[in-house]
Amino acid sequence: MNSIVCKFGGSSLASAENIRIVANIIEKDKKQFVVVSAPGKRFDGDIKVTDLLISCYKLSRAKKSFDDLFNKIRLRFEELIYALKVDIDLKSDFDNLYDELNNCQNYDYILSRGEYLTAKIISKLLNYNFLDAKDFIVFNKKNKVNLVRSKKLFKSCINKELCYVIPGFYGKDENNKIKVFSRGGSDITGAIVAVLANLQKYENFTDVDGVFDIDPRKCKKAEIIKMLSYKEMRVLSSCGAGILHQDCLEILDKNDIVLNIRNTFKIGSSGSFILPNHYVKNKSLCGITGEVGYVIINIEALNISRNNKLLQRIVSNLNSYNKEIKRIIEGVDNISLIVKDDDSFIEEKIEDIVGVTNLNISLKRVALISIVGLQVKENRLLQNKIFDSLGKISCRVLAIVHTNQDISFTIGVEENKFEETLNFLHDRLF
Ligand code: ASP
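Now for a description of the structure that goes with this document. Throughout this description, residue numbers start from 1 for each chain and increase along the sequence as written. This being a predicted model, a pLDDT of at least 70 is required before a residue's local features are given, and a value of 80 or more before pairs of side-chain atoms are given or counted; all residues contribute to the totals for chains, interfaces and linings. Calculation of side-chain values draws on the structure's entire complement of heavy atoms; hydrogens and water are dropped beforehand.

Working definition: helices are DSSP H or I runs of at least four residues, strands are E runs of at least two. Numbering for both runs from the N terminus. By definition here, a helix of n residues has an expected span of 1.5 Å times n minus one. Across its 13 residues, helix α1 (residues 16–28) extends 18 Å between first and last C-alpha, which sits within 8% of the 18 Å expected from 1.5 Å per residue. At its buried positions, α1 is contacted by β1 (2–8), β2 (31–36), α3 (67–84), α5 (107–126) and β7 (201–206). Remark: Lys 30 follows α1 within two positions and exhibits a positive phi of approximately 40 degrees. Note on contacts: a residue pair qualifies if any of its non-hydrogen atoms lie within 4.5 Å across the two residues.

Cysteine sulfur pairs qualify as disulfides if the two atoms are within 2.5 Å. Counted according to the given criterion, the structure contains zero disulfides. Just so you know, Cys 56 is unpaired, no disulfide at all, and the nearest cysteine sulfur is the one on Cys 104, 10 Å from it.

Attention shifts here to the site of the ligand. We call a residue near a molecule or strand as soon as one heavy atom of that residue lies within 4 Å of the molecule or strand. Every residue near the ligand is listed here: Ser 37, Thr 50, Glu 115, Phe 169, Arg 183, Gly 184, Gly 185 and Ser 186. A distance of 3.3 Å separates an oxygen atom of the ligand from a polar atom in the backbone of Gly 185. Nitrogen and oxygen atoms within 3.5 Å of one another constitute a polar contact, given that in protein one can donate a hydrogen and the other can accept it, and given that sequence-neighbouring residues count only through two side-chain atoms. Within the side chain of Ser 186, an N or O atom sits 2.9 Å from an oxygen atom of the ligand. Residue burial considers only the protein chains on display, and all accessible areas are found by Shrake-Rupley using a 1.4 Å probe. Here the ligand has 260 Å² of accessible area as a free molecule, and 90% of this is covered by the chains. Classifying every residue of the shell around the ligand by side-chain character gives one nonpolar, five polar and two charged. Three classes are used, and their members are as follows: Ala, Val, Leu, Ile, Met, Phe, Trp, Tyr, Cys and Pro are nonpolar, Asp, Glu, Lys and Arg are charged, and the others, Gly among them, are polar.

Looking at the element boundaries, Val 397 is found in strand β15 (residues 397–401). Exposure categories follow from relative accessible area, calculated using a 1.4 Å probe and restricted to protein chains: below 20% of the type maximum is buried, above 50% is exposed, and the middle band is partly exposed. By relative accessible area, which is 29% here, Val 397 ends up partly exposed. For the pair Val 397 and Leu 368, spaced 29 residues apart in the sequence, the C-alpha separation amounts to 10.0 Å.

So, on to the side chain of Arg 76. Along the polypeptide, Arg 76 turns up in helix α3. The class of Arg 76 is buried, set by a relative accessible area of 8%. Arg 76 has contacts with Ala 14, Pro 39, Gly 40, Arg 42, Asp 46, Ile 47 and Val 49, leaving out every residue within four places of it along the chain.

Now the structure itself:
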């Protein structure tokens, strides 16, 4: 038996065929803890089980019949059971789910059933024990997992000699009611199990090869980053390269656990290893990432920087519209804010947001591009190379965004130059 936790995402569990691949991976080195998501999409246009459950709940709330959809979910699981030849009867579980849907009181319970039913089937298939996440993952009043209490419960639930399948995505609150993480939360369950079981490695199996140095959908020359630090991974993810739930990275980093992201369907390749920061000494570049959909709000007026109330009001208005402020840059006679704005909402509402009419306001849409790597920000030679490269493709830099982290260097460029610039910089720098 291998004391390891591995988590399989929805695409790895979408069909019986995929589950057989998963079972082979687990059985090969008898992985001790297996965390599973709910079945995902089998083909383009298919619907994830969790989304079907949400739709059932919505129909029930609207006092409409959810029977057709409910039967669809039931059929998906029955098909799996039949194709995998698993001897299991989930009738009472489906009856409970149906009742809960009728009552419409317990949204989190309903949402969690995809993972619950999948874990039951897979545990039977592998002849592993089923360990319900609600028996040991406990949330506190602030919706954070209480690791101390969870650890005690976990210890009392498991036998070190046995192997377990655990449903991802949920735990329980202090009143013993099922509570789910945010979407994609099975990644967090895997990280928590690694912490509770004192493991050094967490294998996260998904449908991509690992972490790429550039988005492979945007660049054919994208390569897997074999090893990177959690800090680099977090910056890459925050700039749009999200493969994993962000919260799981923090937990793993804090607890000195190595994360291996691997592709279920390419088992020969070892994927990416993400390590706690102090293990990674490599100072070279890690990746390049970016996103369109930002706007620079530039406001000019004499001595505007002394007008604290104005800035406070703008920030508070943007917050009330749920707009993420990426950066605020203050000069003596001008203030600039870089704000995420995919839907051009800011253009429409700018007068409300600023609240004063006699100011000189200009708006410019930008894409942000971040070059990520340990100590990138301090590396003047690299920065010269970046600007030199941008000159070659006549790309205007509309903003340089300094962060207090030393591992990324971010520039704002015109949105229509985004992909060209991203690819060109990748070519020149990597
Ligand atoms: N099934 C849930 C979702 O679709 C959780 C997960 O997959 O991690 O978000």
